[in-house]
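The lines below spell out each chain.
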Amino acid sequence: MSMIPASLPASLVRSFWTLADQGVVSLGMFAINIQLARTFPSEEYGTFVFFLSILLALQVVNVSLIQYPLSVEGAVLDRGERRVLAGRAVLMTAGSILPLSGILALVGYGLGMPELVGPSVLYFIVWQVQEIGRRGLMSGLKHDKALWGDSVTYLGQIVVLNLMALGGHLTLERVFVAMTGPALAGAVVHFAILRPSFAGLSELPAVCRRFWSVGHWALANNLFLMLRVQSLVWLMAAIDGMASTAAFQAVVNLVNIANPIIIGMGNLVPQIAARGRSTVPEGAGALHPDEQAWLAIRGYVVIGAAPLLVYYSLGLLIPHQMLNIVYGAMSPYADQDWPLRLLSIGALSGYLAEMVCSYFYGVQRSQFALVVNVTGTLAVFAVVGPLAAMYGVAGVCMALLFSSLLRVGAAHYYLSKTRTAHVAR
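None of the values given here were measured: they were computed from a predicted structure.

Draft legend 1. A look at the pattern of salt bridges. One pass over the full model with this rule turns up 8 salt bridges. Among the charged side chains, a network of salt bridges with common partners joins Asp-21, Glu-131, Arg-134, Arg-135 and Asp-150.

Draft legend 2. View of the environment of Leu-232. Examined against the element boundaries, Leu-232 turns out to sit in helix α7 (residues 204–240). Relative accessible area serves as the criterion here: at 1%, Leu-232 is assigned to the buried category. Separated by 79 residues in the primary sequence, Leu-232 and Tyr-311 place their C-alpha atoms 24 Å from one another.

Draft legend 3. Up close: the packing of aromatic side chains. Counted according to the given criterion, the structure contains 12 aromatic pairs. With a centroid separation of 5.5 Å and 70° between ring planes, the pair formed by Tyr-327 and Tyr-333 is classed as edge-to-face. In terms of burial, Tyr-327 and Tyr-333 fall into one category: buried. In textbook terms, an aromatic cluster arises when at least three aromatic residues are bridged by ring pairs, as seen for Trp-294, Tyr-359, Phe-360, Phe-368, Tyr-413 and Tyr-414. Its end group placed over the ring of Trp-338, Arg-341 keeps NZ or CZ at 4.8 Å from the ring centre.

Draft legend 4. Molecular detail of the nonpolar core. Core analysis: the largest hydrophobic core is formed by 110 residues, its most contacted members being Tyr-45, Phe-48, Phe-248, Tyr-327 and Tyr-359. Of the residues forming this core, the biggest block, 12 residues, is contributed by helix α12 (residues 337–362). In this structure, Tyr-327 is in contact with Ile-34, Ala-37, Arg-38, Ala-250, Asn-253, Leu-254 and Tyr-333, ignoring residues within four places of it in sequence. Ranked by size, the runner-up nonpolar core spans 15 residues in total, among them Ala-57, Met-92, Ile-132 and Met-226.

Draft legend 5. Broad picture of the side chain of Asp-150. The topology assignment puts Asp-150 in helix α5 (residues 143–166). Judged by its relative accessible area of 0%, Asp-150 is buried. At 3.1 Å, the side chain of Asp-150 forms a polar contact with the side chain of His-190. Those residues in contact with Asp-150 that lie beyond four places of it in its chain are Asp-21, Val-24, Val-25, Gln-130, Arg-134, Leu-155 and His-190.

Calculation rules
Residues numbered from 1 in each chain as written. Predicted model: local features only at pLDDT ≥ 70, side-chain atom pairs only at ≥ 80, totals over all residues. Heavy atoms only, no water. Salt bridge = Lys/Arg side-chain N within 4 Å of Asp/Glu carboxyl O. Helix = DSSP H or I, 4+ residues; strand = E, 2+ residues; numbered from the N terminus. Buried < 20%, exposed > 50% of the residue type's maximum accessible area, 1.4 Å probe, protein only. Phe/Tyr/Trp six-rings, centres within 6.5 Å; stacked < 30°, edge-to-face > 60°. Lys NZ or Arg CZ within 6 Å of the ring centre and 35° of its normal. Core = buried A, V, L, I, M, F, W, Y, C linked by side-chain atoms within 4.5 Å. Contact = heavy atoms within 4.5 Å. Polar contact = N/O pair within 3.5 Å; in protein donor to acceptor, adjacent residues only side chain to side chain.

Below, the structure is given as structure tokens:
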């Protein structure tokens, strides 16, 4: 029996499962970060954050060139065709793992941390397998099915790490190994439900070319989007050490509690926009397909905005209490009030830009999203140096807020320009 009444609008049902699935993912990563921040000294937690940022940076390649095209194309296919497309995406992911893992190994050895190379590479490989299974289900808007494997993965990681911490066995070298087992179990669940088909492999080169055509703009865009935040982790490590990296991440952890909404809607909106755009217009006064796509996603954007406004208002008004609750009054991160205020405002404004960029992905106007994110990244690079030198972690957060506001302005400009062009036609 379904947990959702049949009388509810489809947008609410899809939003529920999207947010539930992304909630499990974000809850897992939030709990892992809090556990490690409370267990490890600042230097060790900062080192974990640094390696995790490298993993996230490398994942951008698969997200852009494989998972995004799979989501857009799979959203308009029937179940059988989607299974075939998912099978080809699995093979493409397997082909990407070796070079990406090689880059990770080079970074680890280059930084003089060989003890973390093996565990982090192992986790990265399993994580990519688990993630493509998840995205294959999501391409058919099966977020309720993806929830099963994601629960095994991320809730399982919480359980394993907490048991290791209670037993006194949790060390920096063991973190990635501990995360690998639940991720592998989650991948098995995803693939058991997805059942990708590997028929017609002769068409794989054509699919690769098509995915590149769809995803290359997204790759450029996501690289700039990734650099906008992850480069700050690397900057803090370079100029002020891993302890400052840990303090910055401690604030980001609280802001990221709302990620189920931002990322969940970001995963859903391109698929809804693609479906809205594919609807055959009728009549002389029919809307342009891109306008149909915009109307299709507006309700989802509003659904996500309401709880974000409530949560980030708390970050703005009572940051000290939030930090004390999560980290403890004696924590080295308990005095980061102003960074939390700044990032709360930036995250709320950034949500608007993210939703417009997600719409651009769905209507295959990724070049507009690229301009929005290039604007934001260049803004960070332009001001973060002097601000970080003067104000430390708070200065880095100021740079992110400035960047978020510019992204909102650029997103509004290109959205208005696109819709005005449609009206003119």
